[in-house]
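The residues making up each chain are set out below.
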Amino acid sequence: MRNLLNLNDPTLLRTDAYIDGRWTATDARFAVIDPATGEDLADVADCDAATTNLAISAAHAAQRGWAARLPLERSTLLRALGDAMFDNEADLARIIGLENGKPFAEAVGEVRYAAGFLTWFAEEARRTNGSIIPSPFADTAVLAVREAIGVAAIITPWNFPAAMMTRKIGPAFAVGCTIIAKPAEQTPLTALAIAELSDRVGFPAGVFNVVTGSAESAPVIGEALTSSRTVRKLSFTGSTVIGKLLATQCAATVKRVTLELGGNAPLIVFDDADLDAAVAGTIAAKFRNAGQTCVAANRILVHHSIADDYTERLCAAVDQLKIGAFDSDAQIGPLIDDVSVTRVQHLVADAVSHGATLVRGGDVTEAGSQFFAPTILTGAIPTMSCHTDEIFGPVLALTEFSTTSEAIAIANNTDAGLAAYIFTRDHARAWNVSRQLEYGIVGVNTGAISAPEVPFGGVKQSGIGREGSHFGTYDWTELKYIAMAGLHPEQDPTQ
Ligand code: ADP
């Protein structure tokens, strides 16, 4: 608890579940660990199925009243919550940095990004417009209205503890859904701090419920949420394997599912690229959150004619990156746990054993047992694990190509389809390659593609649905068609 006592506002540190507007203690607790030091940060409520069901009941009781509020009222509360996050950004960044490990500057960036979803969807709350359809029936009006899906469950990962939560609760609250959220076991404190702020700004009891749990409890909570007939939707961000499992569980009650799963992003550098921009874009797309993002560049495809020049500049840029704990000026923090370290070590070893060359990094550093060095491998090929698997660590695997069609074929040779990046000065090539890439997101000459205003989501096994943007409320509403017959003037007794 030592570090967290340095919060400007220590009451943002909440460790119980938040159900029906009340902080709810449980006998069972689990530890949240600082990945930089291995120290216990807090003991948090370890919820079970019964506690989860209490949260479902609270969300159910609150839902109709919440949906019946004027859109402007929901909008005002969402904006207040976003503003409260901005007002408390240093403390929220500290909580994120301590439980997730990302450097302070990145953690502040995440708070702003996360609060931005709330202020964006505060505006969208007033724009869930439907349609009036020219009627095919006599004396009948035909309308399509968008209504809140109802009670919804949210399960979030540890890599963006604030932003993955607000990207979901923003549109959910905007349209009138109520929520039971289960944050990742590694990073529950951020979600609880957001719940504390929602309480302060006046969200009604039962609208936002947060059920925390250990890794062992996650399947129990997940089962309670997915088997419930009251819960009408699940929005999940996390691994592909758990996403498939939860989608299967949701099938029994035909729930709406939004899934944001793993990626395997290609980053293609063509021979006409601005190499400085390509290197800057590669660093941005790879090293945010120490490479632990689903849109992280996973496979770097470089035209053979510029490969040496690009690699030399990339090495120079990587040499500038500082590794360190969240309260330093570092750009690279620790990996989330020792399992991740072992996994990334295996990916590097697999590549080297199959012929790749290690030109930078390759293992953990003296900063600590979970601080993996920024790593560059050249000569990677599509059969290596660093091509077939999501690296989720600060490792760049470079592969040379000769033709555009070869690069596209390698890029599309995966079941994932979240983000892709291309670097070229040729507009026709940028357009045509973008259209041929089987991805939900394409960054052209940029490695930074995330914002509240843009539609985020994948194709193939990277997921279902889109989050953010003016499309972002669609995944939280049902379309209801109303046929209003009997509208002939003669049927109006006052005519
Ligand atoms: P990662 O490998 O990035 O930790 P996971 O998919 O395992 O990704 O975790 C993402 C979220 O899913 C976390 O909140 C985690 O607790 C939760 N989770 C993991 N397994 C289950 C499960 N069987 N049922 C419900 N939630 C789960």
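By convention here, each chain's residues receive numbers from 1 onward along its written sequence. Two thresholds apply to this predicted model, a pLDDT of at least 70 for residue-level local features and 80 or more for giving and counting side-chain atom pairs, whereas whole-chain, interface and lining totals are computed over all residues. Heavy atoms throughout the structure, all of them, feed into the side-chain values; hydrogens and water do not.

*Asks:* Sorry, what's going on with the overall build of the protein here?
*Replies:* Looking only at helices and strands, the protein features 14 helices and 22 strands. A compact globule built from 495 residues should have a C-alpha radius of gyration of about 23 Å, and the protein, at 24 Å, falls within 12% of that. If one aligns the C-alpha atoms of the protein with their principal axes, the spans along those axes are about 85 × 55 × 40 Å. Here's how the labels work: a residue is buried when its accessible area is under 20% of the maximum for its type, exposed when over 50%, partly exposed in between, all with a 1.4 Å probe on protein chains only. Within the protein, buried positions represent 56% of all 495 residues. Contacts are residue-level and defined by heavy atoms, with any inter-residue pair within 4.5 Å sufficient. Sequence separation of at least 24 residues holds for 73% of the intrachain contacts in the protein that already meet a minimum separation of 6. In the protein, 37 positive and 56 negative side-chain charges are present, and the distance between their average locations comes to 6 Å. Numbering goes from the N terminus for both helices and strands, where a helix is a DSSP run of H or I of at least four residues and a strand is a run of E of at least two. Just to be clear, the radius of gyration here is over C-alpha atoms, and the globule rule we use is 2.2 Å times residues to the power 0.38. Think of it this way: Lys and Arg go in the positive column, Asp and Glu in the negative one, and His and the chain ends go nowhere. In this description, the location of a charge corresponds to atom NZ of lysine, CZ of arginine, CG of aspartate or CD of glutamate.

*Asks:* How should the site of the ligand be read in this particular structure?
*Replies:* Neighbouring the ligand are 16 residues, the closest being Thr156, Trp158, Lys182, Glu185 and Ser239. Any pair of nitrogen or oxygen atoms within 3.5 Å is treated as a polar contact; in protein, a donor-acceptor pairing is required on top of that, and neighbouring residues in sequence qualify only through side-chain atoms on both sides. The contact in question runs from an oxygen atom of the ligand to an N or O atom on the backbone of threonine 156, over 2.7 Å. Tryptophan 158 is positioned with one of its side-chain polar atoms (N or O) 3.1 Å from an oxygen atom of the ligand. The accessible surface values rely on the Shrake-Rupley method and a 1.4 Å probe; as for residues, cover is taken only from the protein chains in view. When the ligand sits alone it has 550 Å² of accessible area, and the protein chains cover 82% of it. Using a 2 Å cut-off from the grid points, one finds that the ligand occupies the largest pocket. Put simply, the parts of the chain that give the shell around the ligand at least two residues each are helix H7 (218–227) and helix H8 (240–251). When residue character is reported, Ala, Val, Leu, Ile, Met, Phe, Trp, Tyr, Cys and Pro are called nonpolar, Asp, Glu, Lys and Arg charged, and the others, Gly included, polar. Of the residues belonging to the shell around the ligand, the class tally is 10 nonpolar, four polar and two charged. Here a residue is near a molecule or strand as soon as one of its heavy atoms is found within 4 Å of it. Buriedness of a pocket was judged along seven lines, with at least five required to meet protein on both sides within 12 Å; pockets are open sets of points on a 1 Å grid over the protein atoms alone, cavities are sets where a 1.4 Å probe fits but cannot get out, and lining residues have an atom within 4 Å of a point. Each molecule is assigned to a cavity or pocket provided more than half of its atoms lie within 2 Å of the corresponding grid points.

*Asks:* Explain unusual backbone geometry here, please?
*Replies:* Both trends apply: most residues other than glycine have a negative phi, and most peptide bonds are in trans. If you check the backbone angles, aspartate 20 has positive phi at about 55° while not being a glycine. One non-glycine residue with positive phi stands out, namely aspartate 139, at about 50°. Relative to the helices and strands, aspartate 139 resides in the loop between strand S5 (131–133) and strand S6 (141–148).

*Asks:* Would you explain the sheet that holds strand S13 (residues 297–303) in this entry?
*Replies:* Within a sheet, adjacent strands bond to each other through the backbone by hydrogen bonds, running parallel or antiparallel. Strand pairing is defined by DSSP finding a minimum of two bridges between the two strands. Read across the sheet, seven strands follow the order S14-S17-S18-S13-S12-S19-S20 without closing on themselves; strand pairing throughout is mixed. Each edge of the open sheet is held by one strand with a lone partner, namely strand S14 (357–360) and strand S20 (441–444). For this sheet, the mean inter-axis angle between neighbouring strands, taken without regard to orientation, is 25°. Bridge analysis of S14 against strand S17 (residues 375–378) gives three bridges, and the strand direction is antiparallel. Its bridge partner being in S17, leucine 358 is matched across the sheet by leucine 377. Only the stretch in contact is used when fitting a helix axis, every axis being a line fitted to C-alpha atoms; angles between N-to-C directions are given from 0 to 180 degrees.

*Asks:* How do you make sense of the layout of surface pockets when you look at a structure like this?
*Replies:* Where empty space is left becomes clear once a probe the size of a water molecule has been rolled over the atoms. Grid points are joined across faces, edges and corners, and a volume is the space filled by probe spheres set on the points. The computed volume of the largest pocket comes to approximately 1,000 Å³. Together, 41 residues line the largest pocket, and Trp158, Phe236, Gly238, Ser239 and Ile242 are the ones closest to its centre. Within the residue set of the lining of the largest pocket, elements represented by two or more residues are H7, strand S10 (231–237), H8 and helix H11 (338–353). Grouping the constituent residues of the lining of the largest pocket by class yields 18 nonpolar, 15 polar and eight charged. Considering only enclosed or pocket space, the second largest pocket measures out at about 400 Å³ in volume.

*Asks:* Looking at this model, I keep getting lost on the nonpolar core. Mind explaining?
*Replies:* A general tendency of soluble globular proteins is for nonpolar side chains to be buried together. Ranked by size, the top nonpolar core spans 62 residues in total, and within it Met85, Ile169, Phe173, Ile179 and Phe208 carry the most contacts. Here the element with the most residues in this core is helix H4 (residues 104–124); it accounts for 11 residues. Side-chain atoms within 4.5 Å link the members of a nonpolar core, which is a set of buried Ala, Val, Leu, Ile, Met, Phe, Trp, Tyr and Cys residues.

*Asks:* Even after reading the chapter, I still don't get the sheet that holds strand S22 (residues 477–484), so can you show me in this structure?
*Replies:* Here three strands make up an open sheet; going across it, the order is S5-S6-S22 and the pairing antiparallel. Edge positions in the open sheet fall to S5 and S22, since each of these has one partner strand only. Across this sheet, the average inter-strand angle for adjacent strands is 25°, counted without regard to direction. Inspection of the sheet shows S5 paired to S6 by three bridges, in the antiparallel sense. Bridge pairing links isoleucine 132 to leucine 143 in S6.

*Asks:* How should I be thinking about the pattern of salt bridges in this particular structure?
*Replies:* Any two side chains of opposite charge can pair if their charged atoms end up close together. Salt bridges are counted wherever a side-chain nitrogen of Lys or Arg sits within 4 Å of a carboxyl oxygen of Asp or Glu. Tallied over the full model, the rule gives 23 salt bridges. A salt bridge links arginine 29 to aspartate 16; the nearest nitrogen and oxygen atoms lie 2.9 Å apart. Of the two residues, arginine 29 sits in strand S3 (residues 29–33) while aspartate 16 sits in the segment before strand S1 (17–19), which places them 13 residues apart along the sequence. On the basis of relative accessible area, arginine 29 is assigned to the partly exposed category, the value being 31%. Through salt bridges with shared partners, a single ionic network connects Asp9, Arg14, Glu196 and Arg200.

*Asks:* Would you explain empty space enclosed by the protein in this entry?
*Replies:* Under the criterion given, the structure shown has two cavities of 30 Å³ or more. Taken as a whole, the largest cavity encloses approximately 80 Å³ of empty space. In this structure, the largest cavity is lined by Tyr113, Asn159, Phe160, Met164, Arg167, Glu260, Arg288, Thr293, Cys294, Val295, Ser450 and Phe456. Considering only residue class, the lining of the largest cavity consists of six nonpolar, three polar and three charged. Taken as a whole, the second largest cavity spans an internal volume of roughly 40 Å³.

*Asks:* Please clarify how a nonpolar patch on the surface should be interpreted in this entry.
*Replies:* Note on patches: the residues involved have over 30% relative accessible area and no salt bridge, like charges join within 9 Å, and the nonpolar side chains Val, Leu, Ile, Met, Phe, Trp and Tyr join within 5 Å. A cluster of nonpolar residues, Val241, Ile242 and Leu245, forms a patch on the protein surface that exposes about 260 Å² of accessible area. Within the secondary structure layout, valine 241 lies in helix H8.

*Asks:* Explain the packing of aromatic side chains to me, please; I cannot follow it from the model alone.
*Replies:* Two aromatic rings, taken as a pair, are described by how far apart their centres are and by the angle between their planes. Only Phe, Tyr and Trp rings take part, Trp by its six-membered ring, and two of them pair if their centres are within 6.5 Å. Stacked means planes under 30 degrees apart, edge-to-face means over 60, and tilted covers everything else. Evaluated as defined, the whole model comprises eight aromatic pairs. With 5.9 Å between their ring centres and 90° between their planes, tryptophan 158 and phenylalanine 392 make a pair best called edge-to-face. Of this pair, tryptophan 158 sits in the loop between strand S7 (151–155) and helix H5 (163–175) while phenylalanine 392 sits in the loop between helix H12 (385–388) and strand S18 (395–401); the two residues are 234 residues apart in sequence, bridging distant segments of the chain. For the residue pair tryptophan 158 and phenylalanine 392, the accessibility class agrees, reading buried in each case.

Remember that the coordinates give geometry; whether it matters functionally is a separate question.
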